[in-house]
Amino acid sequence: MSQASTAVGIDLGTSNSAVAILDRDGAPRILTTDAGTTTLPSAVSFGPDGAVVVGAPAVSAAMHRPELTVFGAKRLLGRRCDDPDVRRLAHTLPFEVVPAPNGDAWIKVGERTVSPEEIAARVLRDLRRVAEKFLGAEVTEAVITVPAWFDAGQRQATKDAAAIAGLTVRRLLSEPVAAVLGYGAHRGQNRRFVVCDLGGGTFDVAVVDVEGGVFEVLACAGDSFLGGDDIDRAVVDQLVRELRHTHSVALTSDPEALPRLRASAQRIKHLLSVGIAADLDLEQLTRVASGTAVDLRRPIRRDELELWSAPVLRRLEAPCREALARAGRTRDQVDEVLLVGGMTRMPAVRRRISEIFGKEPRLVPNPDEVVAVGAAVEVARLDGRIEGILLLDVTARGLAVSIDDGPCDLVIAPSAVVPTREHRVLATRQDGQRELDFDLWEGESAERAANRHLGRYRVSGLPVAPAGEVLVLVELTVDADGTTRVATIELIGGQPVDVRPVTHAGLTRAEVTRLAQTLLPGVATGPG
Amino acid sequence: MSGARILRVRCVTWDQVEAFYTRKLRRGRVLSMRVPFAAEPNAEVTLGLELPNQMVVVIDGTVTQVGDEVDGKTAVEINLHGVTPELVARLETLVADGRATPGESDDGEPTSPAPDGEPATAEVAMLDEETPEPAPDPVASLSESERAVYQSLEGELRRMRELAAHEVLGVSWGATPEEVRSAWIALGRRFHPDVMARHRSPALGRVCEEIAIHVNRAYDRMRAALVAEGRAAAVGPSLHPARGWLIGFDELDTGDRAFEPHDPPVVPRFRSSVRFDNHEPLREDELFGDLKLDTSDGAGELAMPTARAAPGEAFERQARARLASGDHAAAREILSAALHVYPRSGTLRALYHVASAMDALDGGQSLLATSQLEAALVQDPGCREAAVALDALRQREGDGDGDVLRRLFQ
């Protein structure tokens with residue numbers, strides 16, 4: 001087991017993460033956490049004494065100190081604080097989302113602010129620890145899955161998180177492709193898949209074509225605010241309503257009771273995926289004004305759950321239709337519907353999706369883990385152990401540059417095949433100008449407001465010349481992971497000139513290194 | 001292809017330079033090599049001999065023999081008439097000087113001579129298209145077999161840098177979407193960075209990525225052209241023959257009159273204030289009648305052969321109708337839209353320049369008009385209107401007669 005697999009496949013999910021390897025005989029193996037589960041909740045809790053716990057303990061800690069427990073950090077990863085999605089999300093989160101100095105969305109935990117990258121890194125570090133314990137060797141490399149719609153900033157943030165956790169990313173793999181790989185599509189015949197990934201917090205639909213070992217994501221769509229949590233919330237809301245009617249207690253004002261109720265609701269939801277009915281039994285959930293304890297004991301039937309969650313499930317349809325429309329396909333042209341994510345265990349979800357696509361969805365035996373398995377297959381492929389697969393990926397959004405107050409000039413088109421590279425030539429505007437600033441944007445619009453600012457770069461050390469006579473070639477490269485590199489060349493002298501980011505979305509290299517150093521000693525002492 | 005082909009032969013050691021003029025040249029001036037393009041006999045070739053000290057010695061020559069094509073490379077024999085005794089003497093002094101100052105020759109570049117003692121004759125790149133090199137890679141850490149892979153990949157990259165998009169993919173300019181796609185996938189299987197990932201070598205990864213970038217850009221450009229022409233549909237990275245939902249523009253106006261140009265309000269725009277005749281709604285035969293050079297004898301030759309099913313004929317007809325009615329700006333807009341659909345049509349492009357010229361004349365900018373007309377003739381040397389108008393414009397500078405111009409599309 002020495003050099004065979006020091007790389008692992010990691011599914012870094014919004015709610016749950018998993019790590020998998022491929023055995024020497026090619027069989028996938030999901031590694032179990034210390035808690036004995038195959039998935040690790042992507043939650044990090046900061047104790048008042050400075051102790052940090054990750055995973056299941058963090059979830060239970062959320063009951064006592066919700067404001068110090070961060071979950072769903074993936075939705076903030078690589079985003080700006082003024083992003084509409086982030087603003088919308090921030091209202092629903094028990095912890096506070098604050099802007100970082102460069103405008104990124106960070107999280108305020110007690111006295112300190114932490115970046116989403118650091119949260120993700122702590123989860124990754126735990127997964128790494130799990131893998132090292134199993135393999136008995138140091139794990140330094142990983143294939144990490146990201147949603148297909150992740151843009152350059154989000155992908156870079158994922159890479160930074162891995163770097164903080166001491167992992168080198170061999171490849172960022174898009175989740176629908178990972179799911180299809182994990183399902184074993186590369187061994188089957190040519191098919192067109194629709195991957196429906198309904199997890200704890202997000203719903204992603206992707207149309208993936210597999211043809212002769214060539215995988216391509218034709219289109220994807222999704223709802224980043226639709227997931228199992230919404231169903232839990234629907235159940236909790238219903239129970240809170242019932243308690244108000246029967247006992248006249250306002251449970252929403254009881255910070256102790258609500259997390260307990262939410263945890264039970266989730267458990268009931270899981271039970272009802274298999275059984276027809278389950279019993280809810282919460283002793284002394286809360287107290288009425290007189291001080292008498294109120295117990296919540298009630299059987300919940302599956303049809304009740306489905307009734308309560310119906311409004312949530314109705315929202316599944318729009319993204320599915322959108323994905324098909326973007327792919328220019330009808331539902332009859334889909335060969336397989338693949339269900340991924342723990343929430344697809346729920347019979348009502350399966351039924352809804354089979355109605356939408358008009359065919360029985362394919363049930364993956366391990367919907368929670370299939371993405372991580374796909375990442376492990378990708379590791380084997382990169383090692384040359386599996387051949388004949390070609391994964392084709394395109395840029396999620398375009399890249400544009402602008403100079404001074406000018407409009408954004410699209411350099412790399414959206415859905416260009418990666419890796420790719422394009423360039424633009426910028427000219428100085430003043431006599432004797434020694435430095436040239438330009439902005440890098442993500443988006444297709446000429447309007448700055450419609451695009452996301454990735455950074456401002458300064459080219460310095462230009463030769464002294466009249467205005468317009470110094471030309472700088474700005475070269476944007478998008479690599480196979482979908483992350484971006486910037487290079488500049490001064491065209492007249494042909495010298496590569498110095499280019500530095502002035503402001504930059506995401507973490508700087510120095511921050512990554514510093515965080516890695518503060519986090520890494522923990523790894524050394526971690527696996528006992 | 002205008003002008004001489006430029007071949008660059010890179011010699012990384014002075015030994016190779018010496019071997020070039022002592023052993024490689026037969027009869028003192030005949031060189032055999034394999035070039036990655038289809039060469040014709042008697043074609044002019046300029047050979048740039050790149051010396052280890054970055055100097056380039058330029059030698060002129062002519063292709064004398066062309067052999068068979070193998071793996072996209074053609075064996076040719078080049079008579080380098082530029083190899084004079086003076087040149088050889090100069091090379092000799094350069095070699096002597098270069099050897100006297102060792103250490104300059106090898107800087108990061110893999111200098112191990114290619115197998116069979118053959119100098120790097122296959123390393124051909126256009127002199128005029130120097131793509132900036134990334135910083136030298138740590139090639140030194142490569143194993144022997146990996147180094148061979150690296151060198152072949154680098155050769156491939158150099159070859160690709162000089163090629164047009166369709167040549168990179170190895171398909172013809174007018175290839176079908178299926179051909180383009182399968183060629184791209186075949187290249188992807190060979191050169192995607194993932195293929196070399198198992199070597200875990202940054203150098204191999206880098207060169208593979210560079211090749212993949214070239215291949216992908218070529219694919220993106222071919223794809224964009226095919227989609228713009230309405231021959232294909234693309235979703236994500238895919239490329240499919242256009243089915244159903246893309247309708248070729250020419251299909252729209254066969255048989256019915258739905259696409260006939262509406263009778264445009266005739267606005268005299270010409271500065272000379274000469275009114276054009278008002279037009280009846282145009283009928284198809286009239287439109288083609290417009291094309292006749294001389295209608296008096298009824299057997300005039302057509303400026304545009306109607307027998308050819310030209311791409312964008314409907315656009316052209318509309319544009320000509322607008323031009324005839326004097327609405328030059330509208331004609332230009334139609335043609336600009338047409339060029340989005342048929343980006344390769346020389347006829348439409350020429351007509352676009354003519355329309356721009358007429359528009360410029362409306363604004364009194366005869367210099368701009370002249371340059372536009374010249375551009376039209378470059379796009380389509382057979383463009384009668386451009387030729388006539390250009391002649392008239394040049395004459396007008398003498399006598400001020402704008403009649404020919406006005407009658408151009410009547």
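None of the values given here were measured: they were computed from a predicted structure.

## A closer look at the overall build of chain B
Now for step 1: Counting secondary structure elements, chain B contains 13 helices and 7 strands.
Now for step 2: Out of the 410 residues belonging to chain B, those deemed buried represent 46%.
Now for step 3: Within chain B, counting contacts between residues at least 6 apart in sequence, those at least 24 apart form 63% of the total.

## Remarks on the sheet that holds strand β10 (residues 112–114) of chain A
Residue and element names in this part refer to chain A.
Now for step 1: Spatially, the 3 strands line up as an open sheet ordered β8-β9-β10, and their pairing is antiparallel. Only two strands of the sheet have a single partner each, and these edge strands are β8 (96–99) and β10. Averaged over all pairs of adjacent strands, the angle between their axes in this sheet comes to 45°, without regard to strand direction.
Now for step 2: Sheet topology places strand β9 (residues 105–109) next to β10; 3 bridges connect them, and they run antiparallel. For I107, the partnering residue across the bridge sits in β10 and is V114.

## Quick notes on the packing of helix α8 (residues 313–324) of chain B against helix α10 (residues 346–362) of chain B
Residues and elements named next belong to chain B.
Now for step 1: Where α8 contacts α10, the two axes come as close as 11 Å, and the packing angle between them is 20°. Put simply, α8 runs roughly parallel to α10. Relative to α10, α8 is oriented so that their crossing is left-handed. Of the residues in α10, those in contact with E316, R320 and L323 of α8 are T347, L348, L351, A355 and M358.

## Things to note about the nonpolar core
All names here are of chain A.
Now for step 1: Core analysis: the largest hydrophobic core is formed by 56 residues, its most contacted members being V8, I10, L124 and I144.
Now for step 2: Ranked by residue count, the leading element in this core is helix α3 (residues 116–135), at 9 residues.
Now for step 3: Apart from the residues within four sequence positions on either side, I144 is in contact with I10, L12, L124, T158, A162, V169, R171, L172 and L173.

## Section: the packing of aromatic side chains
Residues and elements named next belong to chain A.
Now for step 1: A complete count under the given rule lists 5 aromatic pairs over all chains for this structure.
Now for step 2: Taking 5.7 Å as the distance between ring centres and 75° as the angle between the ring planes, the aromatic pair formed by Y183 and F193 counts as edge-to-face. In this pair, Y183 sits in helix α5 (residues 175–183) while F193 sits in strand β13 (residues 191–198), placing the two residues 10 residues apart along the sequence.
Now for step 3: The class for Y183 is partly exposed, based on a relative accessible area of 26%.

## Observations concerning the interface of chain B and chain A
Much of the literature gives interface size as the accessible area that the parts lose upon coming together.
Now for step 1: At the interface, 28 residues of chain B touch 39 residues of chain A.
Now for step 2: For the pair chain B and chain A, the two sides together bury roughly 2,700 Å², of which 49% comes from carbon and sulfur.
Now for step 3: Linking chain B with chain A are 8 salt bridges.
Now for step 4: For the salt bridge of B:R200 with A:E141, the shortest nitrogen-to-oxygen distance reads 2.5 Å.
Now for step 5: In this assembly, chain B and chain A are joined by 16 residue pairs in polar contact (both at pLDDT 80 or more).
Now for step 6: When contributions to the side of chain B that touches chain A are tallied by element, the ones reaching two or more residues are α5 (177–191) and α6 (202–228) of chain B.
Now for step 7: Take the side of chain B that touches chain A: its biggest share by element is 10 residues, from α6(B).
Now for step 8: Among the residues making up the side of chain B that touches chain A, the classes are represented as 11 nonpolar, 6 polar and 11 charged.

## Examining the confidence of the model for chain A
All names here are of chain A.
Now for step 1: Per-chain confidence: chain A averages 87 in pLDDT, with 97% of residues scoring 70 or above.
Now for step 2: Helix α12 (residues 509–525) is the least confidently modelled element of chain A, averaging 72 in pLDDT, while strand β11 (residues 141–146) averages 94, the highest of any element.
Now for step 3: Across residues 1–5, where pLDDT falls below 50, the model places 8 contacts with residues more than four positions away in sequence or in other chains.
Now for step 4: Predicted confidence is poor over residues 522–528, with pLDDT under 50, and the contacts of this stretch with residues over four places away or in other chains come to 9 contacts.

## Quick word on α5(B)
Now for step 1: Along its 15 residues, α5(B) runs 21 Å from first to last C-alpha, staying within 8% of the 21 Å computed at 1.5 Å per residue.
Now for step 2: Buried within α5(B) we find B:P177, B:V180, B:R181, B:A183, B:W184, B:I185, B:L187, B:G188 and B:F191.

## Topic: the pairing of strand β15 (residues 214–223) of chain A
All names here are of chain A.
Now for step 1: In terms of burial, β15 is a largely internal element, 9 of the 10 residues being buried.
Now for step 2: By the bridge criterion, 9 bridges tie strand β14 (residues 203–211) to β15 in an arrangement that is antiparallel. Across the sheet, D209 pairs through a bridge with E216, a residue of β15.
Now for step 3: Pairing between β15 and strand β20 (residues 390–392): 3 bridges, direction parallel. Bridging across to β20, E216 finds its partner in L392.

## A closer look at the sheet that holds strand β25 (residues 452–460) of chain A
Residue and element names in this part refer to chain A.
Now for step 1: Read from one edge of the open sheet, 5 strands run β22-β21-β24-β25-β28, paired in antiparallel fashion. Both edges of this open sheet fall to β22 (409–412) and β28 (498–504), since each of them pairs with a single strand only. On average, each strand axis in the sheet is inclined to that of its neighbour by 30°, with strand direction left out of account.
Now for step 2: Two strands pair when backbone bridges link them, and β25 and β28 are joined in this way by 6 bridges, in the antiparallel orientation. When the sheet's bridge partners are listed, R456 is paired in β28 with T503.

## Considerations on the confidence of the model for chain B
Caution is warranted with low-pLDDT regions, since their predicted coordinates should not be read in detail.
Residue and element names in this part refer to chain B.
Now for step 1: Overall, the predicted model of chain B reaches an average pLDDT of 68, with 64% of residues at or above 70.
Now for step 2: Taking the mean pLDDT of every element in chain B, the minimum, 38, falls on helix α7 (residues 284–289) and the maximum, 89, on α5.
Now for step 3: The low-confidence segment residues 103–137, where pLDDT is below 50, has 55 contacts with residues more than four positions distant or belonging to other chains.
Now for step 4: Across residues 243–309, confidence stays below pLDDT 50; counting only partners more than four residues off in sequence or on other chains, it has 95 contacts.
Now for step 5: Scoring of the predicted complex yields 0.67 for pTM and 0.84 for ipTM.

## Structural notes on a nonpolar patch on the surface
All names here are of chain A.
Now for step 1: On the surface, V425, L491 and I492 cluster together to form a nonpolar patch covering roughly 260 Å² of accessible area.
Now for step 2: When you line up the elements, V425 lands in strand β23 (residues 420–427).
Now for step 3: Relative accessible area serves as the criterion here: at 42%, V425 is assigned to the partly exposed category.

## So, the side chain of A:K74
Residues and elements named next belong to chain A.
Now for step 1: Position of K74 among the secondary structure elements: in the loop between β7 (69–71) and α2 (84–92).
Now for step 2: For K74, a relative accessible area of 11% puts it in the buried group.
Now for step 3: Each residue touching K74, except ones within four places of it in the same chain, is listed here: L12, G13, T14, P147, F150 and E175.

So, how was this worked out
- Residues numbered from 1 in each chain as written.
- Chains lettered and ligands numbered in written order.
- Predicted model: local features only at pLDDT ≥ 70, side-chain atom pairs only at ≥ 80, totals over all residues.
- Heavy atoms only, no water.
- Helix = DSSP H or I, 4+ residues; strand = E, 2+ residues; numbered from the N terminus.
- Buried < 20%, exposed > 50% of the residue type's maximum accessible area, 1.4 Å probe, protein only.
- Contact = heavy atoms within 4.5 Å.
- Pairing = 2+ DSSP bridges.
- Axes fitted to C-alpha atoms, helices over the stretch in contact; angles between N-to-C directions.
- Parallel < 35°, antiparallel > 145°, perpendicular 65-115°, else oblique.
- Left-handed = near helix turned anticlockwise from the far one by under 90°.
- Core = buried A, V, L, I, M, F, W, Y, C linked by side-chain atoms within 4.5 Å.
- Phe/Tyr/Trp six-rings, centres within 6.5 Å; stacked < 30°, edge-to-face > 60°.
- Buried area = accessible area lost by both parts, 1.4 Å probe.
- Salt bridge = Lys/Arg side-chain N within 4 Å of Asp/Glu carboxyl O.
- Polar contact = N/O pair within 3.5 Å; in protein donor to acceptor, adjacent residues only side chain to side chain.
- Nonpolar A, V, L, I, M, F, W, Y, C, P; charged D, E, K, R; others polar.
- pLDDT = per-residue confidence, 0-100.
- Expected span 1.5 Å × (residues − 1).
- Patch = residues over 30% accessible without salt bridge, like charges linked within 9 Å, V, L, I, M, F, W, Y side chains within 5 Å.
- Areas by Shrake-Rupley, 256 points an atom, 1.4 Å probe, with all protein chains shown as cover.

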